[in-house]
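Coordinate inspection notes
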2 protein chains.
Amino acid sequence: MNYGFAAPSLTSDQLDALTGQRPRLAADVLRLVSLSGSGHPGGSLSTLDALMVIYACAAITPENVNAPDRDRVIISHGHISPGVYATLADRGFFGIDEAYVGFRRAGSVFGGHIEKEVPGVEWNTGNLGQGLSAGAGMAIAGRVRGFSHNVFVGMGDGEQQKGQISEARRFAARFKLSNLIAFIDVNGLQIGGRTDAIMPFDLAASWRADGWNVISADGHDMKALYAAFRAAVTRQTDNPEAPTVLLLDTVMGKGVSSIEGDHKYHGQALTDAQLSAALQELGQDDNIDALRALRRERTCSRPHHIDRDRAIVLDPGKPRTYGANETTDCRSAYGNFLEDIAKANAANPAAWPVIGISCDLEGSVKMGGFRKATPERFFEAGIAEHNAAVVAGAASACGVLPYFSTFGMFGIIECYNQQRLNDQNETAPRVVVTHCGMDVGEDGPTHQCIDYVPAAHNLFGAELYVPADPNETDRILRATATRYAPIFVAMGRSKIPTVTTLDGKPAFGDDFTFEPGVWTQVRPGDDAVVFAVGPMLYRAVQASDQLREQGFGLRVVNASSLKPIDRDCILRCAREVGTLLTYEDHNVHTGLGALVAGVLGDEGVAARLRRLGVSRYGTSGAPDDLFAEQGLAPENLAQAARELAARG
Amino acid sequence: MNYGFAAPSLTSDQLDALTGQRPRLAADVLRLVSLSGSGHPGGSLSTLDALMVIYACAAITPENVNAPDRDRVIISHGHISPGVYATLADRGFFGIDEAYVGFRRAGSVFGGHIEKEVPGVEWNTGNLGQGLSAGAGMAIAGRVRGFSHNVFVGMGDGEQQKGQISEARRFAARFKLSNLIAFIDVNGLQIGGRTDAIMPFDLAASWRADGWNVISADGHDMKALYAAFRAAVTRQTDNPEAPTVLLLDTVMGKGVSSIEGDHKYHGQALTDAQLSAALQELGQDDNIDALRALRRERTCSRPHHIDRDRAIVLDPGKPRTYGANETTDCRSAYGNFLEDIAKANAANPAAWPVIGISCDLEGSVKMGGFRKATPERFFEAGIAEHNAAVVAGAASACGVLPYFSTFGMFGIIECYNQQRLNDQNETAPRVVVTHCGMDVGEDGPTHQCIDYVPAAHNLFGAELYVPADPNETDRILRATATRYAPIFVAMGRSKIPTVTTLDGKPAFGDDFTFEPGVWTQVRPGDDAVVFAVGPMLYRAVQASDQLREQGFGLRVVNASSLKPIDRDCILRCAREVGTLLTYEDHNVHTGLGALVAGVLGDEGVAARLRRLGVSRYGTSGAPDDLFAEQGLAPENLAQAARELAARG
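What counts, and at which threshold
- Residues numbered from 1 in each chain as written.
- Chains lettered and ligands numbered in written order.
- Predicted model: local features only at pLDDT ≥ 70, side-chain atom pairs only at ≥ 80, totals over all residues.
- Heavy atoms only, no water.
- Pairing = 2+ DSSP bridges.
- Helix = DSSP H or I, 4+ residues; strand = E, 2+ residues; numbered from the N terminus.
- Axes fitted to C-alpha atoms, helices over the stretch in contact; angles between N-to-C directions.
- Contact = heavy atoms within 4.5 Å.
- Buried < 20%, exposed > 50% of the residue type's maximum accessible area, 1.4 Å probe, protein only.
- Polar contact = N/O pair within 3.5 Å; in protein donor to acceptor, adjacent residues only side chain to side chain.
- Disulfide = S-S within 2.5 Å.
- Parallel < 35°, antiparallel > 145°, perpendicular 65-115°, else oblique.
- Left-handed = near helix turned anticlockwise from the far one by under 90°.
- Nonpolar A, V, L, I, M, F, W, Y, C, P; charged D, E, K, R; others polar.
- Least-squares fit on C-alpha atoms with pLDDT ≥ 70 in both.
- Salt bridge = Lys/Arg side-chain N within 4 Å of Asp/Glu carboxyl O.
- Phe/Tyr/Trp six-rings, centres within 6.5 Å; stacked < 30°, edge-to-face > 60°.
- Lys NZ or Arg CZ within 6 Å of the ring centre and 35° of its normal.
- Buried area = accessible area lost by both parts, 1.4 Å probe.

All names here are of chain B. In space, the five strands of this open sheet follow the order 16-18-17-20-21, with mixed pairing throughout. Sheet topology places strand 16 (520-523) and strand 21 (608-614) at the edges, where each strand pairs with a single neighbour. Each adjacent strand pair in this sheet contributes to an overall mean axis angle of 25 degrees, direction not counted. Inspection of the sheet shows strand 16 paired to strand 18 (residues 554-558) by three bridges, in the antiparallel sense. Residue pairing in the sheet places T520 in a bridge with N558 of strand 18.

Below you can see the structure in the form of structure tokens.
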């Protein structure tokens, strides 16, 4: 059934079959859009022939749809979902009736933009410009796992205006991803009109400048399409080590004369009269009334669901404990952990391969040891974070465990939209970011990442941890290594003291086990409670120890698990003590303090709450000076605790 | 004093002066970095000659530094601040002593990355890849205001890996910004090593493919630099209508033999011994001890401050009222408003010119009327939102009022980092986004913008408004038109009914005045209060009207001003009624509900609070179905209000 790319050309039977099926699939595109009353017929029809050839020939079938070494097909211009559904149904991935019933209907998997709950779809798309990066991530994962599969990425020509595509191109060329094959539906139109009027540039030259092979072909000639794809698949290209892009010359709305070449039909349904005429033109049944009845009668047979029940096989290695008198940075503890797991799992073929991805900050994020231990698993992605973030997400969807590290500003804030799509794709990248908060110091406000807490809370599947010292960094990383979710771990830049217990031992030492969603008490006290996080914890301990000498009991709780949070702990402290403070190196309006207030509000608990955090952009200077500028020195905390408690 | 670009070449006196000053400026670079113990000497020295030529010749001087038609110089690789400060001090913008004292010191303007509080600096940079977009925005603003100035943008070569630069290139070429002149410090090194090893590609070909003139020059030859800049300024280029980039061949650390060509000195201070030798090599005083003493003795003479006290001159036009029985969408009210102000201010030369910027969604965001009214003030930026967001911000810094519109997902979520830098630059773009929330419907989860509230609350200077219907859309836009701040206005996609008073008149009609930070009651009631926002307000009114018939009083409050919020109103309702609900088409964890909980927490007020909002990613379907999926139908609100009130 699947044609493959072995033969030099399609047989005449195969050609006849594809050509013969096309009008039926074109009709299904129109039917789907008319059934829902909205959708994107234009691009579905201009890309249709390429979709038919690729799904007929690539090594992805209903039978191998879960095989790790299957070919991957990513359609980055995800709005051409009618074309994708029509083609996949034709190849047997599901029945077209399911799409008729479910297309653009609440609760179904057959969304307006494609989602991977649909069999055969590999990646949710809809935010343009990210698909090529996802393809690069899957190609990397395949290489690391020793597969020889191909990864095909379809894109629109309007989409080529997105900058991230240039980042993905350069990454793919740099790592010689010759098994990454892009194809662009050059129909010359976008929503607003002619692409060359809206944003003219030399598309082929852009790809060549970034090191790709460029092949042009007629996107409506199945024979030519096969030849072009095959040239790429068999590396019969100018540079066989380079990835290849196919520029496909197409016509929007191809095959339906009433909409051909009309950009209005980028995203608009045909009138019923138009549809009727079009179905006749295509030689297909005008059965829309029957299908509408079907849609009314049936409910969606493929309900949308989230699947995160995947096991990550990995030995998280032996914990390391940093001594009570040691002063180091959390980053170094991260670097040591990475090196540990690289070594601990090197000999286990069942373990998920760990890869490291950095953006020109390998030294700062302490990935040097990992790189040295496993150079072939380290990917320096350059100053191009959007691409790197998606590469990480997509790799994790293919049984590879990526640690993506850069500064917090670049890995979370700048890539928020990419992390969001990673989350919607139910992936599990580890985003371990450093240099967060005022603690980044002299790099100044552009680099002060003080806005990552709501970013993580916006992403329904994500988790967020902010370790208090190198020991907790180690424990958090090991405890979360095998959790299947996007894991954000945020830390500062500075060397900080090991947090200790009252009797001087490491607070997160040999007998400490980290659990997501559990906050732990580091100092006792019943006059006030401070929930402190990250580099503020040792400062809170300083304040508490000072206050204790003065007879004031400031309980210190480590709130390092910022998603999930510890609701029980908050409520217990509110009821036991009633005077609560939050203390964070983060925007005071949107961070830990807001989370605590939210819990109190949900439960209707009245407590005296004082939120201490960053209340305006910082300047450029030494971290302690910046904390003082914001009223965040330990003395400020001590004073605030006393004042709040006195208010009674 | 300023040389200008009129003469065919620099005079020998001028050349001698520049060449003679260079060692002194190079020494200042080293001194600054050594004084703070950190900073970026390598790129400062490779870019230094270009900085000297540009600040000597461009029409920007201490005398015209506030003139609207001055040339603009943007340094996108903002970490070369020592080079910028040394050069600007040399040109008389401030005394170098001020930089010695303030460099990388808390509270000072002389940050590690340049900030516009420093005289002569036009744009805060530090997040790489955004400077060219800022330059394009300033060039656009100058064109609209009728100036013939030039805009120069310096960049690093590692920075060329950022995708946004390709978006800015295409935009500049599309709009023929021949007065935009970029120069790239091609020193061949970035933090991690050789640029051509980390991410090899054909830089010149990339720029040419996007329509730019490319001139190569020796970046350490003042004569060649002048000739190259002059060729661009006088349009002696292949295509005089196109913008021009200068590729400057340079050496990192140039002039200091102990660090020349060593990528380690991208961001590292010299040892004292190295510094001493370097100053000797440069023929300059080894006065670092005296400068250290100066730094200890003096405080920063230029404290950092925020300046938002700027008046926007604009006639916001006459309000339009949509009738009680009209059903339209907020987008159309926005389109009408835009057309109104274009016409109302066309004849007033004192008014700020209004420009419109869209990203291939002109029709969806209803900018067609504005475009028709003032075609030369409408800029279609293509599918390239990162660039467009910065263009808008930078234009607003130059006395032009930009309305930037696209879907919420693209204008706020995808561009969050760009909006953040816009805010740090104290700009005033209007970001009017549509298709927010579940209300976007069939476009599905990738397009459901349910995470913009914390984005706005992270930005200290920004404001956020979410109108409840077309009338309030009109009132909000007119009330905020002359406010100098980043203004976010978020609305849905659907046609919605006009919200009415109990006696059937438009609730936001002729006698309604919108005030930021003021929430208004739309329905009375003392059994429970619902704070509703955007498309949930009319649904809340439906629930309230239904409950009233059943003898239950649900007070409905319109919370359209989401930043600033109305703290007094929240507290008043909490004290008067005690049973509070929030009702929003937004992530329930991070939106209106979290803001209300925060106020209750800060004030220690116990109230029964129930937050109704989006609690998981939506699917693709009709908005009402999606609301029902999330438990957000009016009936769900009614039931929740009754239950919560019953809890007593």
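On we go from here.
In this section: the sheet that holds strand 3 (residues 180-186) of chain A. Residues and elements named next belong to chain A. Read from one edge to the other, the open sheet built from five strands follows the order 1-2-3-7-6, with strand pairing classed as parallel. Bordering the open sheet on either side are strand 1 (72-75) and strand 6 (213-218), each of which pairs with just one other strand. Adjacent strand axes in the sheet meet at a mean angle of 20 degrees when their direction is disregarded. Pairing of strand 6 with strand 7 (residues 244-249) involves six bridges; the strand directions are parallel. The partner of N213 across the bridge, within strand 7, is T244. Helix-sheet contacts for helix 2 (residues 41-57) involve strand 1, strand 2 (151-156), strand 3 and strand 7, and the interaxial angle to strand 3 is about 150 degrees.

In this section: the environment of A136 of chain B. Residues and elements named next belong to chain B. With respect to the helices, strands and loops of the structure, A136 is situated in helix 5 (residues 131-145). Along the backbone, A136 and A168 are 32 residues apart, and their C-alpha atoms lie at a distance of 7.1 Å. With residues near it in sequence (within four places) discarded, A136 still touches F171, L177, L180 and V391.

With that settled, consider helix 20 (residues 567-576) of chain A. Residues and elements named next belong to chain A. Where helix 20 is concerned, the buried positions are C569, I570, L571, C573 and A574. On its buried face, helix 20 is in contact with strand 17 (528-532), strand 18 (554-558), strand 20 (579-587) and helix 21 (592-603). Looking one or two residues past helix 20, G578 carries a phi angle of roughly 85 degrees, positive in sign.

Residues and elements named next belong to chain A. Mapped onto the elements of the fold, E463 is located in strand 13 (residues 463-465). Polar side-chain contacts of E463 include one of 2.5 Å to the side chain of Y465. What E463 contacts, discounting residues up to four positions off in sequence, is R483, A485, P486, I487, F488 and K563.

Now for the state of the cysteines. Residues and elements named next belong to chain B. All chains considered together, the criterion is met by zero disulfides over all chains. Unpaired in this structure, C398 has its nearest cysteine sulfur neighbour in C415, at a distance of 19 Å. Since its relative accessible area comes to 8%, C398 is described here as buried. C573 provides the cysteine sulfur closest to C569, a residue in no disulfide bond, and the two sulfurs are 4.1 Å apart.

What follows covers the packing of helix 1 (residues 12-36) of chain A against helix 2 of chain A. Residue and element names in this part refer to chain A. Following both chains from N to C, one finds helix 1 and helix 2 inclined at 140 degrees, their axes separated by 10 Å at the closest point. By the angle between their axes, helix 1 is oblique relative to helix 2. In this structure, helix 1 meets helix 2 at a crossing whose hand is right-handed. Across from L18, Q21, R22, L25, A26, V29, L30 and V33 in helix 1, the residues of helix 2 making contact are P41, S44, L45, L48, D49, M52, V53 and A56. Taken together, the residues of the contact of helix 1 with helix 2 sort by class into twelve nonpolar, two polar and two charged.

Each copy superposes on the other: chain B lies on chain A with an RMSD of 0.0 Å after a rotation of 180 degrees and an axial shift of 0.0 Å. On the angle and the small slide along the axis, the relation comes out as a two-fold axis. The overlap is high: 100% of the interface residues of chain B also sit at the interface in chain A, so the same surface is used on both sides.

With that out of the way, let us pick up the packing of helix 19 (residues 537-549) of chain B against helix 23 (residues 634-646) of chain B. Residues and elements named next belong to chain B. The geometry of helix 19 relative to helix 23 is characterised by a closest axis approach of 8 Å and an angle of 55 degrees between their N-to-C directions. Accordingly, the angle class assigned to the pair helix 19 and helix 23 is oblique. As helix 19 runs across helix 23, the sense of the crossing is right-handed. Across the interface between the two elements, R539, A540, Q542, A543 and L547 of helix 19 pack against P634, L637, A638, A641 and R642 of helix 23. Grouping the amino acids of the contact of helix 19 with helix 23 by side-chain chemistry returns seven nonpolar, one polar and two charged.

Should their charged atoms come close, side chains of opposite charge can pair. One pass over the structure, following the stated rule, counts 65 salt bridges over all chains. Here D545 of chain B ties to R548 of chain B by a salt bridge, and the two come within 2.8 Å at their closest N and O atoms. Linking D545 of chain B with R548 of chain B, this pair stays in helix 19, spanning three residues, or about one helical turn. Salt bridges sharing common partners tie together R320, D340, D474, R475 and R478 of chain A.

Residues and elements named next belong to chain A. For the structure on display, the rule yields 39 aromatic pairs over all chains. Measuring from centroid to centroid gives 6.1 Å for F5 and F152, while their planes differ by 35 degrees, and the two rings are tilted. Within this pair, whereas F5 is found in the segment before helix 1, its partner F152 is found in strand 2, the two being separated by 147 residues in sequence. Just as F5 is buried, F152 falls in that class too. Ring centres of F171 and F175 lie 4.9 Å apart, and the angle between their planes is 55 degrees; this geometry places the pair in the tilted category. For F171, a relative accessible area of 1% corresponds to the buried category. Members of the aromatic cluster, each reached through a chain of ring pairs, are F5, F152, F183, Y226 and F229. In this structure, R169 packs its charged tip against the face of W207, placed 4.9 Å from the ring centre.

Residues and elements named next belong to chain B. Covered by surrounding structure in strand 1 (residues 72-75) are R72 and I74 together with V73 and I75, the residues of both alternating faces. Of the strand pairs in this sheet, strand 1 and strand 2 (residues 151-156) are connected by four bridges, and their pairing is parallel. Each bridged residue has a counterpart across the sheet, and for R72 the counterpart in strand 2 is V151.

Let's shift gears to the interface of chain B and chain A. Facing the 98 residues of chain B at the interface are 98 residues of chain A. Summed over both sides, the interface of chain B with chain A buries roughly 7800 Å², with 53% coming from carbon and sulfur. Counting every contact that joins chain B to chain A gives ten salt bridges. Taken together, the links from chain B to chain A amount to 63 residue pairs in polar contact (both at pLDDT 80 or more). Taken together, the residues of the side of chain B that touches chain A sort by class into 35 nonpolar, 39 polar and 24 charged.

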